[in-house]
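Structural overview
So the chains spell out like this:
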Amino acid sequence: GVSLFFSSKMDNAKPGHTVEFHGLKGAAHLNGTKGYLVEFLTKEQRWAVRCDDEDDEMFQQGKIVNTKPANLKRVGAKPSPGKEVYVHPMTGQCMIPKSRPVIQHSRVVIDNVKSLHEAVLDAFYKLKKGGVVVSFGDEYMMAVEFYGTHGNGGVYGEMVYVDRNPKVQAVVRGRNCQRATELGRNFLAGETIYYIDTTNERAFSSLLEKYQRELSTKGLIDVKSGLKLYTVRIAK
């Protein structure tokens, strides 16, 4: 029989499987190189394949090639570990976690909503952080992962939060967290994080309400934190 490790059949292929390009003419330079299946495009009858080139600048954003099944062959029976791929709900880009974890942390205490909001924007524009966690006490937090600029001086990205909702509080307890910020840290794993604490509950609540007005969701749950995942556009 044909070995599962090197099978040209794509019938049982699934997202995450390792494949090798062959027989390409328009992109012949890819022949013999490997990639990872992202999703099957039913309308186009092609596989979206992320090229496996960690030296490529585009790798972190997902260099995707839509390829006919006939030009692919499986070289792995199981999805490759650590090669998580998802399509960003706002931009449609195929995103993957950064290849090297970054664990630079910083912390500041701010006690009014205007300054809290400004500190969130400064974390992106001035401090060049990958994300921010804003917290009040041990029970409440919001975490934003930055993806880019929005309008004049704003940012957009993805966000999770912990408020008074009993179901959300149950996630904190269920994950044995002493502080809600631990879930924010998990959500932003691999990013440089700016931590902002406040002792003013009203300021925290006002900021969360401000950002909640700009949220949208597809009902997805962030695996790393266990919290509902939102996209957010934060205006200046």
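Residues numbered from 1 in each chain as written. Predicted model: local features only at pLDDT ≥ 70, side-chain atom pairs only at ≥ 80, totals over all residues. Heavy atoms only, no water.

Observations concerning the overall build of the chain
Threshold: Working definition: helices are DSSP H or I runs of at least four residues, strands are E runs of at least two. Numbering for both runs from the N terminus. Exposed residues in this analysis have more than 50% of their type's maximum accessible area, buried residues have under 20%, and partly exposed residues fall in between, with area computed by a 1.4 Å probe over protein chains only. Should any heavy atoms of two residues lie within 4.5 Å, those residues are considered in contact. Only the protein chains shown count as cover for residues, and all accessible areas are computed by the Shrake-Rupley method using a 1.4 Å probe.
In terms of regular secondary structure, the chain is built from four helices and 14 strands. Looking at the chain as a whole, 44% of its 236 residues qualify as buried. The long-range share in the chain, meaning contacts at least 24 apart out of those at least 6 apart in sequence, stands at 62%. Surface accessibility of the chain: about 13200 Å² in total, with carbon and sulfur atoms responsible for 50%.

So, the packing of aromatic side chains
The description of an aromatic ring pair rests on the distance of the ring centres and on the angle between the ring planes. The following threshold applies: Note on ring pairs: Phe, Tyr and Trp rings are taken, using the six-membered ring of Trp, and paired if centres are within 6.5 Å. Classes follow the plane angle, with under 30 degrees stacked, over 60 edge-to-face and the rest tilted.
In the structure shown here, the tally under the stated rule is six aromatic pairs. Aromatic side chains F136 and Y140 sit 6.2 Å apart centroid to centroid with 10° between the ring planes, which places their arrangement in the stacked category. Given a relative accessible area of 18%, F136 falls into the buried group. With a centroid separation of 5.4 Å and an interplanar angle of 20°, the aromatic rings of Y161 and Y230 are classed as stacked. Highlighted residues: Y161 in strand β11 (residues 154–162) and Y230 in strand β14 (residues 230–234), separated in sequence by 69 residues. Each member of the pair, Y161 as well as Y230, carries the same accessibility label: buried. Among the aromatic side chains, those forming a connected cluster through ring pairs are F124, Y125 and F146.

A short note on unusual backbone geometry
In this structure, Q45 is a non-glycine residue whose phi angle is positive, near 55°. Locating Q45 in the fold gives a position in the loop between β2 (34–41) and β3 (46–51). A positive phi angle, close to 55°, is found at N176, a residue other than glycine. Tracing the chain through its elements places N176 in the loop between α2 (166–174) and α3 (181–187).

What about the pairing of strand β10 (residues 140–150)?
Condition: Should DSSP find at least two bridges between two strands, the strands are regarded as paired.
Of all the eleven residues making up β10, eight are buried; the element is thus mostly covered by neighbouring parts of the structure. Relative to β10, strand β9 (residues 131–136) runs antiparallel, the two being bridged by six bridges. Bridging across to β10, S135 finds its partner in M141. The antiparallel pairing of β9 with β10 creates a hairpin that spans three residues between the two strands, and G137 there sits at a positive phi of about 60°. By the bridge criterion, nine bridges tie β10 to β11 in an arrangement that is antiparallel.

Overview of the nonpolar core
Selection rule: Among buried residues, those of type Ala, Val, Leu, Ile, Met, Phe, Trp, Tyr and Cys that are joined through side-chain atoms within 4.5 Å constitute a nonpolar core.
Among the nonpolar cores identified, the biggest contains 28 residues, and V132, V134, M142, M159 and I196 are the most heavily contacted of them. Sorting the residues of this core by element identifies α1 (113–125), β9, β10, β11, β12 (193–198), α4 (201–212) and β14 as the ones contributing at least two each. Examining the composition of this core, we find that six residues originate from one element, α1, more than from any other. Beyond its immediate stretch of four places on either side in the chain, M159 contacts M142, A143, V144, F187, L208, Y211, L215, K228, L229, Y230 and V232. Among the nonpolar cores identified, the runner-up in size contains 16 residues, and V160, V162, V168 and L227 belong to it.

Quick look at the packing of α1 against α4
This is how it is decided: Here the axes come from fitting lines to C-alpha atoms, over the contacting stretch only for helices, and the angles between their N-to-C directions go from 0 to 180 degrees. Note on angle classes: values under 35 degrees are labelled roughly parallel, values over 145 roughly antiparallel, values of 65 to 115 roughly perpendicular, and the remainder oblique. We call a crossing left-handed when the near helix sits turned anticlockwise from the far one by less than a right angle, and right-handed when that turn is clockwise. Polarity classes work like this: nonpolar for Ala, Val, Leu, Ile, Met, Phe, Trp, Tyr, Cys and Pro, charged for Asp, Glu, Lys and Arg, and polar for all others, with Gly in that last group.
Packing of α1 against α4 brings their axes to within 9 Å, and their N-to-C directions diverge by 55°. In terms of their interaxial angle, α1 and α4 are classed as oblique. Two packed elements cross with a definite hand, and for α1 against α4 that hand is right-handed. Of the residues in α4, those in contact with V113, L116, H117 and V120 of α1 are A203, F204, S206, L207, K210 and Y211. Looking at the contact of α1 with α4, its residues break down into seven nonpolar, two polar and one charged.

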